[in-house]
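Observations on the model geometry
Here are the chains, one letter per residue:
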Amino acid sequence: MLPLYILVAAASGFWGVSAVLEKKALGKEYASAYLSSFALITAVFSIVLLPFSNFSMSVQSLSLIYIYSVITTFAYLLVARIFRHSNISASSPLFSTLPQVLIVIFAFLILGESLSYFQYLALAILLLAAYFMLFGSRSRAYFQSNKYRIMTVIYSLVFGASAILLKYVLFSVNIFAFLVLSQIFMLINMGVYMQLKYGGIKETASNLRKHSGIIIPISVLTIGYRAFYYAAVSLVAVSIAAPLVNTLYVAITLLAGIFLFKEKDALRKGVLAIVIIAAAYALVS
């Protein structure tokens, strides 16, 4: 197993770059059509991990992996919509801060993990900075409507729950087998969703033909991010692994939002992001 700092750096970098590309893709695609194409390509690429996978597991573990895939599918639908209708330099730091509150609470109640008083103080600072980013007087310009603020909060609940479930499942399941199965299940979930609500596989295929040039690299980066992140979670408490991975991700997406997507109010967002990053480091100190 690679050292923790390498796992964290790789996961953060892959996640940050894939988020920037995803924001760019969603400027041209609808969220559901994009996600269905993404799920297809990601599932196909995950097959390369089969030689490293051990699928020996209980029915209960398999069921939990499917439940995780349902939660992840819902979370990705939320993220895609939020990215499409908000500033990435505002929404990405929120994605990396709000779930920490729930991760710590869930980790304490379910996994028996705990933090020091100083770390809880750092978590409070994270929450305060997130509040100003989400509900501050100037934050209305960051989101197209109040609906996407609510989606951001819902995503935080979903992500917190999925992070704890991930840690629980990885106690007894091979990381690579988990990755392959969760991607295949996510593809099935999106296939059912698209068939019930939209044009089914035809719309997915049409979207993939038009935008494969950007969806393919996003899928490759996502596979890399998840593999490194799952490995990091298997080594340390999830309440510690998540903030570490989020740090570089915040920096990448903030800079991309300001310089690539020309999003305004850079100074305020930058200050809040610095507070978030500093608190994240204090959280894992």
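Structure report, in brief. All values derive from a computational prediction rather than experimental measurement. (Residues numbered from 1 in each chain as written. Predicted model: local features only at pLDDT ≥ 70, side-chain atom pairs only at ≥ 80, totals over all residues. Heavy atoms only, no water.)

What about the packing of helix α2 (residues 31–46) against helix α9 (residues 201–235)?
Rule in force here: A fitted line through C-alpha atoms represents every axis, and for helices the fit uses only the stretch in contact; the resulting angles, taken between N-to-C directions, go from 0 to 180 degrees. Under the DSSP-based scheme used, a helix requires at least four consecutive residues in state H or I and a strand at least two consecutive residues in state E, with every element numbered from the N terminus. Each angle receives one of four descriptions, namely roughly parallel if under 35 degrees, roughly antiparallel if over 145, roughly perpendicular if within 65 to 115, and oblique otherwise. Crossings are assigned a handedness: left-handed for a near helix turned anticlockwise from the far helix by less than a right angle, right-handed for a clockwise turn. Residue contacts are defined here by distance: any two heavy atoms, one from each residue, within 4.5 Å place the two residues in contact.
Interhelical geometry of α2 versus α9 gives an angle of 55° and a closest axis separation of 7 Å. Taken as axis vectors, α2 and α9 run oblique relative to one another. Crossing of α2 over α9 shows right-handed handedness. Seen from α2, the contacting residues are A33, Y34, S36, S37, F38, L40, I41, T42, F45 and S46; seen from α9, they are E203, T204, N207, L208, I215, I216, I218, S219, V220, T222, I223 and R226.

Quick word on the side chain of N87
Where we set the bar: Remark: exposure states derive from per-residue accessible area (1.4 Å probe, protein chains only) relative to the maximum for the residue type, with buried under 20%, exposed over 50%, and partly exposed in between.
Along the chain, the position of N87 falls in the loop between α3 (59–84) and α4 (88–95). Given the relative accessible area of 15%, N87 is considered buried. With near-sequence residues (within four places) excluded, N87 lies in contact with A141, Y142, E263 and K269.

With respect to empty space enclosed by the protein
Where we set the bar: Space inside and on the surface of the protein is sampled on a 1 Å grid over the protein atoms alone, with a cavity defined as a set of points where a 1.4 Å probe fits but cannot get out and a pocket as an open set with protein on both sides within 12 Å along at least 5 of 7 lines; lining residues have an atom within 4 Å of a point. Grid points are joined across faces, edges and corners, and a volume is the space filled by probe spheres set on the points. In the scheme used here, Gly and all other residues not listed as nonpolar or charged are polar, with Ala, Val, Leu, Ile, Met, Phe, Trp, Tyr, Cys and Pro taken as nonpolar and Asp, Glu, Lys and Arg as charged.
In total, this model carries 2 cavities of 30 Å³ or more according to the counting rule given. There is about 390 Å³ of room inside the largest cavity. Along the wall of the largest cavity there are 26 residues; nearest its centre are W15, Y76, Y155, F159 and Y225. Of all elements in the fold, only α1 (4–25), α3, α7 (146–169) and α9 reach the threshold of two or more residues within the lining of the largest cavity. Here the element with the most residues in the lining of the largest cavity is α3; it accounts for 7 residues. Along the lines of polarity and charge, the residues of the lining of the largest cavity split into 20 nonpolar, 4 polar and 2 charged.

Details of the packing of aromatic side chains
Rules: Pairing of aromatic rings covers Phe, Tyr and the six-membered ring of Trp, with a centre-to-centre limit of 6.5 Å; geometry is then stacked below 30 degrees between planes, edge-to-face above 60, and tilted otherwise.
Tallying each qualifying case throughout the model produces 16 aromatic pairs. Ring centres of W15 and Y249 lie 3.7 Å apart, and the angle between their planes is 5°; this geometry places the pair in the stacked category. A residue pair is termed long-range when its members are at least 10 positions apart, and W15 in helix α1 and Y249 in helix α10 (residues 238–260) qualify at 234 residues. Under the relative-accessibility criterion, Y249 is labelled buried at 1%. With a centroid separation of 5.7 Å and 75° between ring planes, the pair formed by Y131 and F132 is classed as edge-to-face. Y131 sits in the partly exposed class, given a relative accessible area of 46%. Chaining the aromatic ring pairs together yields one cluster made of W15, Y68, F178, Y225, Y229, Y230 and Y249.

Observations concerning the pattern of salt bridges
How we decide: Only one rule defines a salt bridge in this text: a Lys or Arg side-chain nitrogen within 4 Å of an Asp or Glu carboxyl oxygen.
What the rule picks out here adds up to 1 salt bridge. Residue D265 is joined to R138 by a salt bridge in which the shortest nitrogen-to-oxygen separation is 3.3 Å. Note that D265 is positioned in the loop between α10 and α11 (266–283) and R138 in the loop between α6 (117–135) and α7, a separation of 127 residues in sequence.

Topic: unusual backbone geometry
Even without being glycine, K262 reaches a positive phi, approximately 55°. Assignment of secondary structure puts K262 in the loop between α10 and α11. Positive phi values are uncommon outside glycine, yet D265 reaches one of about 65°.

Some points on α4
Counted residue by residue, α4 has 8 buried out of 8 residues, so it is predominantly covered. Those residues of α4 that fall on the buried side of the exposure criterion are I88, S89, A90, S91, S92, P93, L94 and F95.

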